[in-house]
Amino acid sequence: MFSFLKSDPIKKLDKEYGELLEKAMQAQRGGDIRLYSELTEKAEAVKVKLDELKAKS
């Protein structure tokens, strides 16, 4: 009945993925390659979860 109030997990993960990539890009531009690689790794983990959810729906 109130399904429109539930948050969409795909939308949430997609937003998180974009934010992580943006932060990674800023870290790379700032010369912090270690932070860049950590953020990229986290973004890839989120991407895997996102792909799994998209495959289910």
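From a predicted model like this one, the values you see are computed outputs, not experimental measurements.

Peer 1: Any chance you could explain helix α1 (residues 9-29) here in plain terms?
Peer 2: With 21 residues, α1 should reach 30 Å at 1.5 Å per residue; the first-to-last C-alpha distance of 30 Å fits that figure. Those residues of α1 not exposed but buried are Leu13, Tyr17, Leu20, Ala24 and Ala27. One side of α1 carries all its buried residues, which in axial view fall inside an arc of 90°. In α1, the exposed positions that point more than 90 degrees away from the buried face belong to Lys11, Lys15 and Arg29. Those residues of α1 that are buried are in contact with α2 (33-56).

Peer 1: Would you explain the pattern of salt bridges in this entry?
Peer 2: Side chains carrying opposite charge are able to pair once their charged atoms draw close together. Within the structure shown, the criterion is met by one salt bridge. The shortest N-O distance in the salt bridge between Asp51 and Lys47 comes to 3.6 Å. On the criterion of helical spacing, the pair formed by Asp51 and Lys47 is a turn pair, its members being four residues apart in helix α2. Of the residues examined, Asp51 reaches a relative accessible area of 38% and is grouped as partly exposed.

Peer 1: Before we go on, may I ask you to explain the nonpolar core in this structure?
Peer 2: Side chains of nonpolar character tend, in soluble globular proteins, to be buried together. In this structure, Leu13, Tyr17, Leu20, Ala24, Leu39, Ala43, Val46 and Leu50 together form the largest nonpolar core, which totals eight residues. Dropping the residues within four chain positions of it, Leu39 is found in contact with Leu20, Lys23 and Ala24.

Each value, and the rule that gives it
Residues numbered from 1 in each chain as written. Predicted model: local features only at pLDDT ≥ 70, side-chain atom pairs only at ≥ 80, totals over all residues. Heavy atoms only, no water. Helix = DSSP H or I, 4+ residues; strand = E, 2+ residues; numbered from the N terminus. Expected span 1.5 Å × (residues − 1). Buried < 20%, exposed > 50% of the residue type's maximum accessible area, 1.4 Å probe, protein only. Arc of directions from axis to C-beta. Contact = heavy atoms within 4.5 Å. Salt bridge = Lys/Arg side-chain N within 4 Å of Asp/Glu carboxyl O. Core = buried A, V, L, I, M, F, W, Y, C linked by side-chain atoms within 4.5 Å.

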